[in-house]
Amino acid sequence: MMPPGITDRVLVVEGDITRQRVDAIVNAANPSLLGGGGVDGAIHRAAGPELLGECRDLGGCNTGEAKITSGYRLPARFVIHTVGPVWKGGGAGEDTLLSSCYQNALALAELIGLRSIAFPAISTGAYGFPLERAARIAVCTIIGFLTYHPAIERVVLACHGNAAHTLYQDILGQEKTINTEYEMAQALFSHISMIEASHGIRIKNREAIARIIAPTIKSDTQALSVGISLNNWVAVAGAYGEVTVSESVIRTILDSLKSA
Ligand code: APR
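Residues numbered from 1 in each chain as written. Predicted model: local features only at pLDDT ≥ 70, side-chain atom pairs only at ≥ 80, totals over all residues. Heavy atoms only, no water.

A. Summary view of helix H10 (residues 247-259). With 13 residues, H10 ought to run about 18 Å at 1.5 Å a step, and its terminal C-alpha atoms sit 18 Å apart, in line with that. Those residues of H10 that are buried are in contact with helix H8 (206-213) and helix H9 (220-237). (Helix = DSSP H or I, 4+ residues; strand = E, 2+ residues; numbered from the N terminus. Expected span 1.5 Å × (residues − 1). Contact = heavy atoms within 4.5 Å.)

Quick look at the structure:
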């Protein structure tokens, strides 16, 4: 059974983020977290006044960081507030700060066990960030995170307007290279799960294994070969319970792959 592809986990929809039925929606807020226009205004209106009350106790939020509140009257159980960078021409670290918004929001969602999250096009409204540049940063950051964090099952990119929707769809389709690494990581996770099931063990450092090997392998056959080598190591080592595969073993498997 092929693991889900990236397009099974990243959905682009045209519509109002406040109506998305996900565990958390992300708010494009300002550092005060005390509401505003655009997405911020829409979320506060839909969530009701209790949201502002909780936000008042958060003490604000730095650009690129994320904080979480309840969703109150929203369909989403939570709101993850993040503050995007104001566009200043591209030389003030705006790209990195925007990527941090997506990364920190996803990390926060994973930390509390959420499985689905919806994002607006952060910073592309009042903050003036060029839409296409922002969309590429968003898609790359999201795919990069999902590659090694299977727990997040669905990311919804809620676009206001047809132009944004079409642009996001195009960009998602173009991310071939990241897709390859993504698909190889999912294939490795799938093989590791089968090894764990067949030996009754849990491999604690599956993410580290995938991060070392996935960028190098380019085919399902190579992923299968890694799976067989890992399975052989588990059998020979007589591994049981919680297992950590040492980096030297991982590198040996990788080297044997390269020399094959
Ligand atoms: N659902 C989805 N997307 C929306 C919605 C909505 N209901 N409303 C607006 N958008 C889109 C806009 O079209 C834009 O593409 O969200 C994107 C972000 O626009 P803004 O809301 O202006 O956010 P941002 O550019 O990050 O500016 C943040 O604006 O509202 C204030 O308090 C906020 O000071 C902060 C600043």
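B. View of the sheet that holds strand E1 (residues 10-14). Within the open sheet, the six strands sit side by side as E1-E6-E5-E2-E4-E3. Their pairing is mixed. Looking at the sheet topology across the chains shown, the edges are occupied by E1 and strand E3 (66-70). In this sheet, neighbouring strand axes are inclined to one another by 25 degrees on average, regardless of whether the strands run parallel or antiparallel. In terms of strand pairing, strand E5 (residues 116-119) meets strand E6 (residues 154-159) through four bridges, oriented parallel. (Pairing = 2+ DSSP bridges. Axes fitted to C-alpha atoms, helices over the stretch in contact; angles between N-to-C directions.)

C. Region of the structure containing the pattern of salt bridges. Taken as a whole, this structure holds nine salt bridges when the rule is applied. In this structure, glutamate 132 and arginine 136 form a salt bridge, with 2.9 Å as the shortest nitrogen-oxygen distance. Linking glutamate 132 with arginine 136, this pair stays in helix H5 (residues 131-148), spanning four residues, or about one helical turn. A salt bridge links glutamate 247 to arginine 251; the nearest nitrogen and oxygen atoms lie 3.1 Å apart. Here arginine 251 and glutamate 247 lie together in helix H10, a separation of four residues that amounts to about one turn. Judged by relative accessible area, glutamate 247 falls into the partly exposed class, the value being 45%. (Salt bridge = Lys/Arg side-chain N within 4 Å of Asp/Glu carboxyl O. Buried < 20%, exposed > 50% of the residue type's maximum accessible area, 1.4 Å probe, protein only.)

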